[in-house]
Amino acid sequence: MERNLEYIKIPNFLDRIRNEWPGMIDRFEFKTPTVIYVHLKEGISSIDFLGRLSKKVERMIDFSIPIILYHVERDGMSLRSHPINWYSTIEKA
């Protein structure tokens, strides 16, 4: 049961990302409960996304399940995805 509660925290974490940077994220797509594609708005590169998010996002994680985020960028002609691992720093007691 406790593990299920951890999974519930992941969508809340994604909502916090979207609210913090509304002009960068188009949508989230769950491939599995812990593998998530972050579709960036057209013209936003993964480098832009990471440059603004990486340090802040680590502080926003409040769950202990490891997740993999794929940043999907598009430039009008093609899609590119880049895997980025983010893990919780919260230790189980």
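What you see is a predicted model, and the numbers here were worked out from it, not measured in a lab. (Residues numbered from 1 in each chain as written. Predicted model: local features only at pLDDT ≥ 70, side-chain atom pairs only at ≥ 80, totals over all residues. Heavy atoms only, no water.)

Caption draft 1: Local environment of the confidence of the model for the protein. Considering every residue of the protein, the mean pLDDT works out to 77; 74% of them sit at 70 or more. Ranking the elements of the protein by mean pLDDT puts strand β4 (residues 79-86) last, at 60, and strand β1 (residues 25-30) first, at 91. (pLDDT = per-residue confidence, 0-100. Helix = DSSP H or I, 4+ residues; strand = E, 2+ residues; numbered from the N terminus.)

Caption draft 2: Geometry of the pattern of salt bridges. Tallied over the entire structure, the rule returns four salt bridges. Across the salt bridge formed by Arg27 and Glu29, the nearest N and O atoms sit 3.6 Å from each other. In this structure Arg27 comes out as partly exposed when scored by relative accessible area, which is 39%. Taking relative accessible area as the criterion, Glu29 reaches 23% and is therefore assigned partly exposed. Between Glu29 and Lys31 there is a salt bridge, with its nearest N and O atoms 2.8 Å apart. A relative accessible area of 44% places Lys31 in the partly exposed class. When salt bridges that share partners are traced, they join Arg27, Glu29 and Lys31 into one network. (Salt bridge = Lys/Arg side-chain N within 4 Å of Asp/Glu carboxyl O. Buried < 20%, exposed > 50% of the residue type's maximum accessible area, 1.4 Å probe, protein only.)

Caption draft 3: Just the side chain of Glu6, in detail. Counting through the fold element by element, Glu6 comes out in helix α1 (residues 2-20). At 2.5 Å, the side chain of Glu6 forms a polar contact with the backbone nitrogen of Ser64. (Polar contact = N/O pair within 3.5 Å; in protein donor to acceptor, adjacent residues only side chain to side chain.)

Caption draft 4: Molecular detail of the packing of aromatic side chains. The tally for this structure, following the rule as stated, stands at two aromatic pairs. A ring pair is formed by Phe13 and Phe63, whose centres lie 5.4 Å apart and whose planes are at 75 degrees; its orientation type is edge-to-face. Of this pair, Phe13 sits in helix α1 while Phe63 sits in the loop between α2 (46-60) and β3 (67-74); the two residues are 50 residues apart in sequence, bridging distant segments of the chain. As far as the burial class goes, Phe13 and Phe63 line up, both buried. Taken together, a centroid distance of 5.0 Å and an interplanar angle of 50 degrees make the contact between Tyr37 and Tyr70 tilted. Of the two residues, Tyr37 sits in strand β2 (residues 35-40) while Tyr70 sits in strand β3, which places them 33 residues apart along the sequence. (Phe/Tyr/Trp six-rings, centres within 6.5 Å; stacked < 30°, edge-to-face > 60°.)

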